[in-house]
Amino acid sequence: IDFGCKHNILRCLQDVGCAVTVVPADTKADAIVAMKPDGVFLSNGPGDPAATHHYTGIEIAKLIEINMPIFGICIGHQLMALALGAKTHKMTRGHRGSNHPVKNLQTGRIEITSQNHGFTVDEETLPAELEVTHISLFDKSIEGLRHKSKPAFCVQYHPESSPGPHDSRYLFDQFTNLMEIKRSANAPPQRY
C-alpha cells in the first residue's frame, strides 16, 4: 500500500522474490484481498499518521484480522500500531539521518539504521497483542513491533536505506518467510 513509497523499497521486495503490485493508500481491504496477495507491505510516507489512519486504519485492521502477512515501515509502522489501538504523538525532535542505532530486542544485535520521521508510537498505549521488538538507543522510543498471534510486524526506520546502512535488510526475508508459511498452509493437499 503506497503511502509515499520509495522505489528502492520495491527493488528490495523484488530482490527477495516478490512480484509487486502497488495500490493507492485509500484502497479497501476487500479490493486488496480480491487480488489474492501473499502479503501486504505498508510503505513509508510523509505526514501525520493519525490523519492518514482516519481512512486506512480500519482497512489495515481487517487485513491483520484475516491473518494476512503484513510488513510496515515508517508511517506503515505507525499505521499498523494505530489500527490495533495504539496512539502516536509528535516527537520533540524527530529522527533524521542514516546513523541511528537501534537495538533488536529479539537478537540483542545493534543495527545502524536510516530514519526520517517526526512521530512515534506511544508505548503506554500499546495493546496487549503488540510486542516491542526494536528500540532506539538514542531516546528509547519504539522502533519495531510485532503482533503476538498474527503474521504482522513493522519497523519505524527504513530497512531499504539507499543510500545508507543495510543492517536491516534481513526484514525483507522475514516478510517473505511469513508469506511462504501462509502459502504452505493454504496449499491443497498433495495427491500420491
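That block above? That's the structure.
Structure report, in brief. Here the residue numbers are simple positions, counted from 1 along each chain's written sequence. For this predicted model, a pLDDT threshold of at least 70 governs which residues receive local features, and a threshold of 80 or more governs which side-chain atom pairs are given and counted, while totals over whole chains, interfaces and linings are taken from all residues. Note that water and hydrogens are dropped before the side-chain values are worked out from all heavy atoms of the structure.

**Quick notes on the overall build of the protein**
The line we're drawing: For the purposes of this entry, the term helix denotes a DSSP run of H or I that reaches at least four residues, the term strand denotes a run of E that reaches at least two, and both are numbered from the N terminus. Note on classification: 1.4 Å probe, protein chains only; a residue is buried when its accessible area is under 20% of the maximum for its type, exposed when over 50%, partly exposed between these limits. Note on contacts: a residue pair is in contact if any heavy atoms of the two residues lie within 4.5 Å. Areas reported here follow the Shrake-Rupley algorithm with a probe of radius 1.4 Å; residue values treat only the protein chains shown as occluding. Lys and Arg are tallied as positive, Asp and Glu as negative. Neither His nor the chain termini are counted. Where a charge sits is defined by one atom per residue type, namely NZ (Lys), CZ (Arg), CG (Asp) or CD (Glu).
Helix and strand content of the protein: 5 helices and 7 strands. Overall, the protein is about 60 × 35 × 30 Å in size when its C-alpha atoms are taken along their principal axes. Looking at the 192 residues of the protein, the share that counts as buried comes to 49%. Across the protein, the fraction of contacts at a sequence separation of at least 24, relative to all contacts at a separation of at least 6, is 68%. Of the accessible surface of the protein, which amounts to about 9,700 Å², a share of 51% is contributed by carbon and sulfur atoms. Put simply, the protein has 19 plus and 20 minus side-chain charges, and the middle of one group is 2 Å from the middle of the other.

**So, helix α4 (residues 75–83)**
Side chains of residues three or four places apart in an α-helix project in the same direction, reflecting 3.6 residues per turn. Taking burial as the measure, the 9 residues of α4 include 9 buried ones, the bulk of the element. Listing the buried residues of α4 in full gives I75, G76, H77, Q78, L79, M80, A81, L82 and A83. At the exit of α4 stands G85, carrying a positive phi of roughly 110°.

**What to know about the sheet that holds strand β1 (residues 40–42)**
As a reminder of what qualifies: Each pair of strands is called paired provided DSSP finds at least two bridges between the two strands. Note on definitions: angles span 0 to 180 degrees between N-to-C directions of axes, and those axes are lines fitted to C-alpha atoms, for helices only across the stretch in contact.
Taken in spatial order, the 7 strands line up as β1-β2-β7-β6-β5-β3-β4 in an open sheet, and their pairing is mixed. Strands with a single pairing partner mark the edges of an open sheet, and in this sheet they are β1 and β4 (110–121). Here the strands of the sheet are splayed against their neighbours by 20° on average, with no regard to which way each runs. For strand β3 (residues 88–104) and β4, the ladder comprises 10 bridges, and the chain directions are antiparallel. Counted as the bridge partner of P101 is I112 from β4.

**A word on unusual backbone geometry**
Notably, N67 is not glycine yet its phi reads approximately 70°, a positive angle. You can see N67 is positioned in the loop between α3 (49–65) and β2 (70–73). The exposure class of N67 is partly exposed, given its relative accessible area of 36%.

**So, helix α1 (residues 7–15)**
Threshold: Of all possible arcs, the one meant is that of the directions from the helix axis to the C-beta atoms.
All buried positions along α1 are accounted for by N8, I9, C12 and L13. Around the axis of α1, the buried residues are gathered within 145° of arc, so they sit on the same side. One or two steps after α1, the chain reaches G17, where phi turns positive at roughly 95°.

**Overview of the packing of aromatic side chains**
Quick reminder of the rule: By convention, a stacked pair of Phe, Tyr or Trp rings (six-membered ring in the case of Trp) has centres within 6.5 Å and planes under 30 degrees apart, an edge-to-face pair has planes over 60 apart, and any other such pair is tilted.
If you walk through the whole model with that rule in mind, you get 6 aromatic pairs. Pairing F71 with F175 gives two aromatic rings, centres 5.6 Å apart and planes at 55°, and the pair type is tilted. With F71 in strand β2 and F175 in helix α5 (residues 170–186), this pair connects stretches of sequence that are 104 residues apart.

**With respect to the environment of I1**
Secondary-structure assignment places I1 in the segment before α1. In this structure, the C-alpha to C-alpha distance between I1 and D26, residues 25 residues apart in sequence, is 8.5 Å. Ignoring any residue separated from it by four or fewer positions in sequence, one finds I1 in contact with V23, P24, A25, I32, V40, F41, L42, S43 and L63.

Nothing here speaks to function; it is geometry throughout.
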